[in-house]
Amino acid sequence: MYNKQKKTMRPYLFIIIVLLHPFWAMQFLLGQSIIQGRVTSQADGTPVPLTNINVLGSLRGTACDTAGMFELTLPAGEYQLKFSAMGFRSKIYSLNVGRHKTEPLSILLEPAIIEFSDEIVVSGEKLLDKIDDWLNSTDDILQKEESVSMIRRANFALEPSLRGMSAGRIGVVVDGMKIFSACVDRMDPVTAYVEVENLQKMDVYKGSFDMTKAASIGGTINMVTKKPDFNRPFGMQAETGYESISQLRRFRSELNYASKSFAARATFSIKKSDDYFAGGKAPIMNSGYQKNNYKLDFVNRFGLRHLLEFSFIGDNAGDIGYPALLMDARKTKSQIYRLEHKWNSPFPGFQSLNSMFYFNRIEHWMDDFQRDVTRRSVMPNMYMPMFGKTKTLGFIEEFKFTRPNHLLKVILDVYRLAAFADMKMISIFPQVSDMYVLNIGDAILYNTAVVLDYHWMLSRRWRWRSNLRVDDSNRDIRDENGRRLLSGFWNTGDIKQTYAAFSASAAIEYGITKNQTLQLALAQSERLPTHSENYGFYLYNYTDGYFYTGNPLLQPERSCQAEIVFERTTAAAQFRLNTYFNNIQNYISGLVQYDEFKVYSNISSAYIAGLEVTGKVKLGGSLLLNAAAAYSYGQNREFNEPLPYIPPFEGGVSLQYSRGSSWFSADSRFGSAQKRFASQTTLEDATDAFIILNLRSRIQLGDFLQIKLGVENAFDRFYHEHLSINNLPGRGRNFYLGFNYWISSR
Amino acid sequence: MKRIKILITLLVALLFIINCEDSTSPEKATDPAEGLALIGEKTVQNTEVRVYSDKGLEVGYNKIYIKVTDSITDKLVEEANVSISTLMDMGQMKHASPYENPAGSTAEEGLFPCAATFIMSGMWELHVNVHNLDNNDVVEFQFDVEIAAAGNTKKVTGTDSMTYFITLVQPAAAKVGLNDFELTVNYQKNMMSFPAVEDVIVKIEPSMPSMGHGSPNNVDPAHQQHGHYMGKVNFTMTGDWRIDLNFFRGDSLMHTSYDINVQ
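How each quantity is defined
- Residues numbered from 1 in each chain as written.
- Chains lettered and ligands numbered in written order.
- Predicted model: local features only at pLDDT ≥ 70, side-chain atom pairs only at ≥ 80, totals over all residues.
- Heavy atoms only, no water.
- Helix = DSSP H or I, 4+ residues; strand = E, 2+ residues; numbered from the N terminus.
- Buried < 20%, exposed > 50% of the residue type's maximum accessible area, 1.4 Å probe, protein only.
- Contact = heavy atoms within 4.5 Å.
- Areas by Shrake-Rupley, 256 points an atom, 1.4 Å probe, with all protein chains shown as cover.
- Rg over C-alpha atoms; globule rule 2.2 N^0.38 Å.
- Core = buried A, V, L, I, M, F, W, Y, C linked by side-chain atoms within 4.5 Å.
- Patch = residues over 30% accessible without salt bridge, like charges linked within 9 Å, V, L, I, M, F, W, Y side chains within 5 Å.
- Salt bridge = Lys/Arg side-chain N within 4 Å of Asp/Glu carboxyl O.
- Pairing = 2+ DSSP bridges.
- Domains from an automatic or database assignment.
- Buried area = accessible area lost by both parts, 1.4 Å probe.
- Polar contact = N/O pair within 3.5 Å; in protein donor to acceptor, adjacent residues only side chain to side chain.
- Nonpolar A, V, L, I, M, F, W, Y, C, P; charged D, E, K, R; others polar.
- Phe/Tyr/Trp six-rings, centres within 6.5 Å; stacked < 30°, edge-to-face > 60°.

S.K.: Quick rundown of the overall build of chain B? Include the residues and the values.
M.R.: The helix and strand tally for chain B stands at one helix and 18 strands. Evaluated residue by residue, chain B yields a buried proportion of 43% over its 263 residues. Across chain B, the fraction of contacts at a sequence separation of at least 24, relative to all contacts at a separation of at least 6, is 58%. For chain B, the accessible area works out to roughly 13800 Å², and carbon and sulfur atoms hold 51% of it.

Here is the structure:
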């Protein structure tokens, strides 16, 4: 009986698959090609034996022999091969297999002895285990990383929090560039400037073990943007999309041009959203927005050794409703420039030199003209338009030296930040004079850092990595009135500040077996106060209703942290467990000064500990199961209460199914109740547990069209996450539909 | 090219002229009363007396400067006994106001500093008496001054039933940040005498009525000398501020307030 049922099921399943994917079968009809190649170390040219080669999106794969040679049979088509070997950075190689014989491949792998980052590849690596490369937004992609939670203030530009830490405790950089939010209410996180079509990958460095990008105690998120593709002489792509929950209309386009030594890429996107609905059709008033973003990239190769890259990102948004805050963003304007020169050295031992200059200007206007100011409890009966501006100019020089089994990076990281913010207060009563306050009276910061990043492959089983980072920072207020304000507030004539911060980390990795590794990492790091923590003046914090003033005399936060990572990887499954403990001294927190005013102060000690589990299993039949969960526990020892905005136990499970270029997924996201919350340093409340289910699909129709179709929060749950400011609810059931068309020549 | 040459020549010439002007400016002995407003003058025998104030006189604390010169030699007289007094003649009654005379008989930076606190607007008489110690000339004269209305002096009746005059001296032009805060306190002994009060405890509380908040780091004024009290007031933003003042003198209490617009 049982057997019979099984037999009748099979044709059904087969028919469904065939119906859903009318094109996958075509792959079988095409010819097959043999791909041959060799994998060598980029450092010294020696072969990398036993490298695993996976054809992404399929169960195909092979491994190199002891001489680094491999052979793979593939039908004609486009593929992404992933080369991974212990002690080397994984590499993804795009391959177009034709009917003709393919040239032998020469794959160079970069030694990377211990990687602390979770690399979320968005694009290039199609059908990646974790990420739908055409997810609707960068925020959705960030949320996929188990250690990242998103702070929600609107239906726009969520702010990432890494292991319960955000803002100054983590570094968020774009291609390594430092960009500082202009809005004193943190309405404009840096992640907002990289649209999903421009995101190549996101490196999430948890903890302060890898300090090459920033001095932080919580970690760093580096958003690596897409660059022009030399393999696509001409390519055009466009996407139109719609989301039902907020009547979101979206258009994205991309253009790629490449000649032998020059390549260019341009993208443009525009979106407009009305107010959204929370679960159960609860309207969230004043939550619409509109935004456009463009990016321009030029790359020129000069011979074999020189590469010059220029990129520009422009981002403009307007009329962004912030239901969780007192104000709405009226206009934001960002310009981000980068010029990078990469040089591969011909000298043995000296591998490369990368030099990057960057400049960015972020401007942000907000106001409460659309609000009823007569009925609010905070500063009633007045409008408070605010303006903020940051300008950052920086230079990064990276030297890379290699010897057999050794890799040393020496990085010089210099930047200058100028930040300004002010607020006008216009009473609705004409007899009251206008008031004006300088929130940041033209702060100027000069930062210089030197970083040493050293990797050492002790043996086949043991690997070592250490980081040393020294930061020097000089800061002051340039505006005369700003200086008067702060020196009056702190009763000190000198608000100029000079800091030196020292950070060091060491990690050792042990290959227990070929498939299992154990890693132990220790770090002592310091992070400098942000310009707001030093020089902010009367910054209103909606979460606790206090006005915060910066403290020029703050000490750097000092962290001691340890992490243990166990990882097991086989062809069919991967499992990883991270446990960490982060002890923070001189923790910077707002303390009540009087009435509704707080000042930033160092409190003696706090800690955050937690664990993260991720696993993925190939179930066979193109089915992939992913699960990830994280738990953090933060405690403020001085106040004997939990640290604020620590995510509860949360995570997600997804089941993905792919055939050819089409793809389906069912994924859920859950968070348990958070009953541990801060009530002294800020005013939080408990958060209930939630679970939402999303269903997504991407269907290929012919050579030029792909359809994206899905539903988020399929059961229309009304919920909010613990990191939602003012308990702003998450989005209700959202149907989305996108059409993606392209023209490409190869 | 020719044009550029001409331009450069002109530029050099201009620089030269500017430099010349700077270097040849005469180094005259500066007049100690420069920048002050002359409000009255009189010459008796060989002594010329000129009376100055910072600006136009108004209700409140006004600094008065007396310049005494030898009218023959045109030299400043550094040694003199100088005194002033004020009088308002209202027909059926006359009254004076608080005033301050130089502490000694030696000029400070060429001038004899005095002060008059006018307690109401209108026409006042300013009486000046100068005894030139160099030549024993005595110059005594009076003149009328028009006192403009202003809110700097408050008449307050204490719970001890005495009449006090509280005068805001500083800040004259309030700015954001810490400002010196200076008051004078006098009481009315009789119509002609307004002695300084030196034993009052003053508490200040600045606030923005439209915002409902105050500011930190204010320093309550403490007595310096001759009824002058010095403290600090901190304005954290521009706009309309109100400073509430509470005075404690023995068992007596007083209250007043000032409205200040911070620019």
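S.K.: How would you summarise the overall build of chain A if you had to cite specific residues and measurements?
M.R.: Looking only at helices and strands, chain A has five helices and 42 strands in total. Since a compact globule built from 746 residues should have a radius of gyration of about 27 Å, the 26 Å found for chain A is in line with a globular shape. Here the C-alpha coordinates of chain A stretch approximately 85 × 60 × 50 Å along the principal axes. Expressed as a percentage of its 746 residues, the buried residues of chain A come to 57%.

S.K.: Kindly report on the nonpolar core, identifying the contributing residues and their values.
M.R.: Met 425 of chain A together with Leu 183, Met 237, Leu 245 and Phe 247 of chain B are the most contacted members of the largest nonpolar core, which has 136 residues in total. When residues in this core are grouped by element, the largest group, eight residues, is from strand β26 (residues 406–427) of chain A. Sequence-distant contacts of Leu 245 of chain B, that is, excluding residues within four places in its chain, are made with Phe 181, Leu 183, Val 202, Lys 203, Ile 204, Met 254, His 255, Thr 256 and Tyr 258 of chain B. The next biggest cluster of nonpolar side chains, apart from the first, holds 30 residues, and it includes Val 59, Met 88, Ala 96 and Phe 165 of chain B.

S.K.: If you had to explain a nonpolar patch on the surface to someone new, which residues and values would you point to?
M.R.: Residue and element names in this part refer to chain A. A cluster of nonpolar side chains, namely Phe 234, Met 236, Leu 255, Tyr 257 and Ile 743, defines an oily patch on the protein surface of about 440 Å² accessible area. Where the nonpolar patch is concerned, the elements lending two or more residues are β15 (234–243) and β16 (248–258). Its location among the elements puts Met 236 in strand β15. Given a relative accessible area of 35%, Met 236 falls into the partly exposed group.

S.K.: Lay out the pairing of strand β14 (residues 219–225) of chain A in plain terms, naming residues and giving numbers.
M.R.: Looking along a regular strand, one sees side chains alternate from face to face of the sheet. Residues and elements named next belong to chain A. In terms of residue burial, β14 counts as a mostly covered element, since seven of its seven residues are buried. On β14, burial covers both faces: Gly 219, Ile 221, Met 223 and Thr 225 on one face and Thr 220, Asn 222 and Val 224 on the other are all buried. Of the pairings in the sheet, the one linking strand β11 (residues 170–174) to β14 comprises five bridges and is parallel in character. Bridging across to β14, Ile 170 finds its partner in Gly 219.

S.K.: Which residues make up the sheet that holds strand β18 (residues 252–262) of chain B, and what values go with them?
M.R.: Residues and elements named next belong to chain B. The strand order β14-β13-β17-β18 describes an open sheet built from four strands, whose pairing is antiparallel. Every other strand in the sheet has two partners, leaving β14 (213–214) and β18 as the edge strands with one partner each. As defined by bridge partners, strand β13 (residues 201–208) adjoins β14 across two bridges and the pair is classed as antiparallel. Counterpart to Met 208 in the pairing with β14 is His 213.

S.K.: Account for the domain arrangement of chain A, with residues named and values stated.
M.R.: Its domain assignment divides chain A into domain 1 (2–109) and domain 2 (117–745). Here domain 1 of chain A and domain 2 of chain A have C-alpha centroids that lie 33 Å from each other.

S.K.: Which residues make up the sheet that holds strand β6 (residues 99–100) of chain B, and what are the values?
M.R.: All names here are of chain B. Strand order in this open sheet of five strands is β1-β2-β3-β7-β6, and the pairing throughout is antiparallel. Strands with a single pairing partner mark the edges of an open sheet, and in this sheet they are β1 (37–44) and β6. As paired elements, strand β3 (residues 60–70) and strand β7 (residues 112–118) share seven bridges and run antiparallel to each other. By the bridge assignment, Lys 63 is partnered in β7 with Ala 115.

S.K.: Report on the interface of chain B and chain A, specifying residues and quantitative values.
M.R.: The interface is formed by 22 residues belonging to chain B together with 24 residues belonging to chain A. Taking both partners together, chain B and chain A bury about 1700 Å²; carbon and sulfur atoms supply 57% of that area. Between the two partners, chain B and chain A, sit eleven residue pairs in polar contact (both at pLDDT 80 or more). Of all elements in the fold, only β12 (177–187), β14, β16 (228–235) and β17 (239–249) of chain B reach the threshold of two or more residues within the side of chain B that touches chain A. Its residues assigned to classes, the side of chain B that touches chain A comprises seven nonpolar, 13 polar and two charged.

S.K.: Lay out the packing of aromatic side chains in plain terms, naming residues and giving numbers.
M.R.: All names here are of chain A. Evaluation of the coordinates by the stated rule reveals 38 aromatic pairs over all chains. Pairing Phe 180 with Tyr 415 gives two aromatic rings, centres 5.6 Å apart and planes at 35 degrees, and the pair type is tilted. Remark: Tyr 415 occurs in strand β26 and Phe 180 occurs in the loop between β12 (177–178) and β13 (199–206); sequence separation between them is 235 residues. Both residues of the pair, Phe 180 and Tyr 415, belong to the buried class. Each ring, one from Tyr 294 and one from Phe 312, has its centre 5.9 Å from the other, and the planes form 50 degrees; the classification is tilted. Of this pair, Tyr 294 sits in strand β20 (residues 289–302) while Phe 312 sits in strand β21 (residues 306–320), and the two are 18 residues apart along the sequence.

S.K.: An account of the side chain of Thr 238 of chain B is needed here, citing residue identities and associated values.
M.R.: Checked against the element boundaries, Thr 238 of chain B lands in the loop between β16 and β17. What makes Thr 238 of chain B buried here is its relative accessible area of 13%.

S.K.: Break down the pattern of salt bridges for me, with residues and values.
M.R.: Side chains that differ in sign of charge can pair as their charged atoms come close. Residues and elements named next belong to chain A. For the structure shown, the criterion picks out 59 salt bridges over all chains. Across the salt bridge formed by Lys 271 and Glu 195, the nearest N and O atoms sit 3.3 Å from each other. One end of the pair, Lys 271, is in strand β17 (residues 262–273); the other, Glu 195, is in the loop between β12 and β13, with 76 residues separating them in the sequence. The exposure class of Lys 271 is buried, given its relative accessible area of 13%. Of the charged contacts, one joins Glu 195 and Lys 291 as a salt bridge, the two residues approaching to 2.5 Å between their closest N and O atoms. Of this pair, Glu 195 sits in the loop between β12 and β13 while Lys 291 sits in strand β20, and the two are 96 residues apart along the sequence. Pair check on accessibility: Glu 195 and Lys 291 agree, each one buried. Here the salt bridges share partners, and the residues they tie into one network are Lys 144, Glu 197, Glu 239, Glu 243, Arg 250, Arg 252, Asp 667, Arg 696, Lys 708, Glu 712 and Arg 731.

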